[in-house]
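So you can see what is in the structure, the chains are spelled out below.
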Amino acid sequence: MYRQILVDPNQRDLQQIVGRTCAEAPVKTYKLSSVTYEVVFASFLATRTLKALADEEIADFPDVADVISNDIYMDDVLSGESTLEGAKKLQTKISQLLLRGGFELHKWVYNSPEERFICTFLCV
């Protein structure tokens, strides 16, 4: 997911790496254009990007936008419904909203102890 989030061109100076191909080659500076996974702020940017997407799509997906805004940790959406049918509908709507931002829902896990369903949507 992180590589799908582009950094504003005005902010790319803040994400620079240096390198060279061999000891004799000159050092080159590269500006990264997408979020880098292991940097401190990566999880914040992932969460903030999904929240911005939810805010943009609230008119078409009011209930799902609320789920993405409130039930998210990094790139995981943890939410639930009282029935399996409701959980499947929620999964479909979340998938549709995420696709509008260029993200694809990859995994869906659910647990059904009798009547309660706990659904975890991973949008890595």
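Source: prediction; values computed, not measured.

Cut-offs used in this document
- Residues numbered from 1 in each chain as written.
- Predicted model: local features only at pLDDT ≥ 70, side-chain atom pairs only at ≥ 80, totals over all residues.
- Heavy atoms only, no water.
- Helix = DSSP H or I, 4+ residues; strand = E, 2+ residues; numbered from the N terminus.
- Buried < 20%, exposed > 50% of the residue type's maximum accessible area, 1.4 Å probe, protein only.
- Contact = heavy atoms within 4.5 Å.
- Areas by Shrake-Rupley, 256 points an atom, 1.4 Å probe, with all protein chains shown as cover.
- Expected span 1.5 Å × (residues − 1).
- Arc of directions from axis to C-beta.
- Core = buried A, V, L, I, M, F, W, Y, C linked by side-chain atoms within 4.5 Å.
- pLDDT = per-residue confidence, 0-100.

1. Some remarks on the overall build of the protein
Phase 1 of the analysis: Looking only at helices and strands, the protein features 3 helices and 6 strands.
Phase 2 of the analysis: Burial status across the protein gives 31% buried among its 124 residues.
Phase 3 of the analysis: Long-range contacts, defined here as pairs at least 24 residues apart, represent 55% of the contacts in the protein between residues at least 6 apart.
Phase 4 of the analysis: Of the roughly 8,200 Å² of accessible surface on the protein, 53% is carried by carbon and sulfur atoms.

2. With respect to helix α1 (residues 42–56)
Phase 1 of the analysis: Taking 1.5 Å per residue as the helical rise, α1 with its 15 residues ought to reach 21 Å, and the 21 Å between its terminal C-alpha atoms agrees with that figure.
Phase 2 of the analysis: Among all positions of α1, only A42, A46, L50, L53 and A54 are buried. The buried residues of α1 occupy one face: seen down the axis, they fall within an arc of 115°. With respect to the buried face of α1, the exposed residues turned more than 90 degrees away are F44 and E56.
Phase 3 of the analysis: Structurally, α1 contributes buried residues whose contacts are with α2 (62–70), β3 (72–73) and α3 (84–100).

3. Digging into the nonpolar core
As a rule of thumb, nonpolar side chains are buried together in soluble globular proteins.
Phase 1 of the analysis: The biggest cluster of nonpolar side chains holds 23 residues, and the ones touching the most others in it are L50, V64, I68, I94, L97, L98 and F103.
Phase 2 of the analysis: Elements supplying a minimum of two residues to this core: α1, α2 and α3.
Phase 3 of the analysis: If you tally residues by element for this core, the top one is α1, at 5 residues.

4. Some thoughts on the confidence of the model for the protein
Phase 1 of the analysis: Averaged over every residue, the pLDDT of the protein is 82; residues scoring 70 or more account for 88%.
Phase 2 of the analysis: Within the protein, no element has a lower average pLDDT than strand β6 (residues 117–122), which sits at 52, and none a higher one than strand β2 (residues 28–31), at 91.

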